[in-house]
Amino acid sequence: MTEAIKWLCRSSDHGYHVPSYVQLAKLLIDIFEKEYGTAFRPGMNPLPRALQILSLVEDGHCSNSVNVRKEAADILGRYDEYTTRCAACGNTGSENNPLTRCGTCGVVAYCGRICARRDFHDGHKFDCCSQANLFD
């Protein structure tokens, strides 16, 4: 793992930012899933950060490469449930009660204020980061 992270840092230093970002997001998710069996673990979850990185790439903010953007979109597709269900109770939104996203990371969704508070106290406060702090 340490060697992979060093490689990604060297790649970024040499101007290969976008493919390195995609690889970093994949590495964060893969390591976490191997360690804990799931990427959904409040308080230690790499998904908010990884999905933000991939969203930036997919939206074209970081790259014009079709292949890199497609790879980011494929990974994002694997975690659709994470952004289309309430993180606290698992409910899906409806027309009358749509899900709202976390105001800081914009990744995690909630069906209401009670669920948002519960998830925040259960560990999202440690997982959440804004785009300004994405690579800190």
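Everything here concerns the structure above.
Residues numbered from 1 in each chain as written. Predicted model: local features only at pLDDT ≥ 70, side-chain atom pairs only at ≥ 80, totals over all residues. Heavy atoms only, no water.

A. Spatial organisation of the overall build of the chain. Check the secondary structure of the chain and you find six helices and two strands. Along the chain, helices (α) and strands (β) appear in the sequence α-α-α-α-α-β-β-α when read from the amino end. The buried share among the 136 residues of the chain stands at 35%. Across the chain, contacts joining residues at least 24 apart in sequence account for 54% of those joining residues at least 6 apart. Summed over its atoms, the accessible surface of the chain is roughly 8,300 Å², and 50% of this surface lies on carbon and sulfur atoms. (Helix = DSSP H or I, 4+ residues; strand = E, 2+ residues; numbered from the N terminus. Buried < 20%, exposed > 50% of the residue type's maximum accessible area, 1.4 Å probe, protein only. Contact = heavy atoms within 4.5 Å. Areas by Shrake-Rupley, 256 points an atom, 1.4 Å probe, with all protein chains shown as cover.)

B. Broad picture of helix α4 (residues 66-78). For α4, with 13 residues, the first-to-last C-alpha span of 19 Å sits near the 18 Å given by 1.5 Å per residue. For α4, every residue scored as buried is listed here: V68, A72, I75 and L76. Angularly, the buried residues of α4 cover 100° about the axis, an arc narrow enough to put them on a single face. Structural note: α4 exposes V66, N67 and R78 on the side pointing more than 90 degrees away from its buried face. (Expected span 1.5 Å × (residues − 1). Arc of directions from axis to C-beta.)

C. Summary view of the pattern of salt bridges. Tallying each qualifying case throughout the model produces two salt bridges. Here K26 ties to E71 by a salt bridge, and the two come within 2.8 Å at their closest N and O atoms. Residue K26 is found in helix α2 (residues 17-36), and its partner E71 is found in helix α4; the two are separated by 45 residues along the sequence. Take E71: its relative accessible area is 27%, and that puts it in the partly exposed class. Close ionic contact of K70 with D74 constitutes a salt bridge, the shortest N to O distance being 3.1 Å. Of this pair, K70 and D74 are both found in helix α4, four residues apart, which corresponds to roughly one turn of the helix. (Salt bridge = Lys/Arg side-chain N within 4 Å of Asp/Glu carboxyl O.)

D. Layout of the environment of C111. Relative to the elements of secondary structure, C111 occurs in the loop between β2 (109-110) and α6 (113-127). When near neighbours in sequence (up to four residues on either side) are disregarded, C111 contacts C86, C89, N97 and L99.

E. Broad picture of the layout of surface pockets. The computed volume of the largest pocket comes to approximately 250 Å³. Every residue lining the largest pocket is counted, 13 residues in all, and those nearest its centre are F40, N45, Y82, C86 and A87. When residues of the lining of the largest pocket are traced back to their parent elements, those giving at least two are α5 (80-84) and α6. Per-element accounting of the lining of the largest pocket gives the leading share, three residues, to α6. Partitioning the lining of the largest pocket into residue classes produces five nonpolar, three polar and five charged. (1 Å grid on protein atoms, 1.4 Å probe; cavity = no way out; pocket = protein on both sides within 12 Å on 5 of 7 lines; lining within 4 Å. Points joined across faces, edges and corners; volume = space filled by probe spheres on them. Nonpolar A, V, L, I, M, F, W, Y, C, P; charged D, E, K, R; others polar.)

F. Looking closely at the packing of helix α3 (residues 47-58) against α4. Following both chains from N to C, one finds α3 and α4 inclined at 140°, their axes separated by 8 Å at the closest point. With respect to α4, the element α3 is oriented oblique. Here α3 and α4 pass one another in a crossing that is left-handed. Between α3 and α4, the residues in contact are L51, L54, S55, V57 and E58 and V68, R69, A72, A73, I75 and L76, respectively. Residue composition of the contact of α3 with α4, by class: eight nonpolar, one polar and two charged. (Axes fitted to C-alpha atoms, helices over the stretch in contact; angles between N-to-C directions. Parallel < 35°, antiparallel > 145°, perpendicular 65-115°, else oblique. Left-handed = near helix turned anticlockwise from the far one by under 90°.)

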